[in-house]
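# Summary of structural features
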Amino acid sequence: MVHTTTSLNGSLDALAAIEPGFARVLDSHGRPEPRLSEPGVETLLRTIVGQQVSVAAARSMWNKLVARYGEPVDLAALLDASDEQLREAGLSRQKAGY
């Protein structure tokens, strides 16, 4: 798991060693900084909302969710919500199930 710049660079180096195209991209564009998220339920919820959708769609769904359940998300209200209410808050049936 990538937790630091050092661990990210180790992973990037390993990929670059086996894939010349990846090495060229690193040379051309540089190395990214690690994207760190706070541990906890909010990060889990954001991960679920963002699965298999565009960044714009995930942002829209997240905004609907926090408009309805607050920020930070009121977990008690979220757990008590019906499938219909979660759909109204922007979540698909599958995401609501998670």
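Preceding block: the structure.
Residues numbered from 1 in each chain as written. Predicted model: local features only at pLDDT ≥ 70, side-chain atom pairs only at ≥ 80, totals over all residues. Heavy atoms only, no water.

## Points about the overall build of the chain
- Scanning the chain for helices and strands turns up seven helices and zero strands.
- Ordered by position from N to C terminus, the α and β elements of the chain give α-α-α-α-α-α-α.
- At 18 Å, the chain has a C-alpha radius of gyration far larger than the 13 Å of a compact globule built from 98 residues.
- Buried residues in the chain amount to 26% of all 98 residues.
- Long-range pairs, those at least 24 residues apart, make up 45% of the contacts in the chain between residues at least 6 apart in sequence.
- Accessible area for the chain stands at about 7,200 Å²; split by element, carbon and sulfur atoms hold 55% of it. (Helix = DSSP H or I, 4+ residues; strand = E, 2+ residues; numbered from the N terminus. Rg over C-alpha atoms; globule rule 2.2 N^0.38 Å. Buried < 20%, exposed > 50% of the residue type's maximum accessible area, 1.4 Å probe, protein only. Contact = heavy atoms within 4.5 Å. Areas by Shrake-Rupley, 256 points an atom, 1.4 Å probe, with all protein chains shown as cover.)

## Quick notes on the packing of helix α1 (residues 5-18) against helix α2 (residues 20-29)
- α2 packs onto α1 with a crossing angle of 130° between their chain directions and a minimal axis gap of 5 Å. With respect to α2, the axis of α1 lies oblique. Contacts from Leu12, Leu15, Ala16 and Ile18 in α1 reach Pro20, Phe22, Ala23 and Leu26 in α2.
- When grouped by side-chain class, the residues that make up the contact of α1 with α2 number eight nonpolar, no polar and no charged. (Axes fitted to C-alpha atoms, helices over the stretch in contact; angles between N-to-C directions. Parallel < 35°, antiparallel > 145°, perpendicular 65-115°, else oblique. Nonpolar A, V, L, I, M, F, W, Y, C, P; charged D, E, K, R; others polar.)

## With respect to the nonpolar core
- Counting 14 residues, the largest nonpolar core has Trp62, Leu65, Tyr69, Val73, Leu78 and Leu86 as the members making the most contacts within it.
- Mapped by element, the contributors of at least two residues to this core are α3 (41-50) and α4 (55-69).
- Per-element tally for this core: the top contributor is α4, with five residues.
- One finds Leu8, Leu12, Ala16 and Ala23 within the second-largest nonpolar core, a separate group that totals five residues. (Core = buried A, V, L, I, M, F, W, Y, C linked by side-chain atoms within 4.5 Å.)

## Here we look at α3
- The complete set of buried residues in α3 reads Leu45, Ile48 and Val49. Taken around the axis of α3, the buried residues stretch over an arc of 100°, which confines them to a single face.
- The inward-facing, buried residues of α3 abut α4, α5 (75-80) and α7 (93-97).
- Backbone geometry just downstream of α3 places Gln52 in the positive-phi region, at approximately 55°. (Arc of directions from axis to C-beta.)

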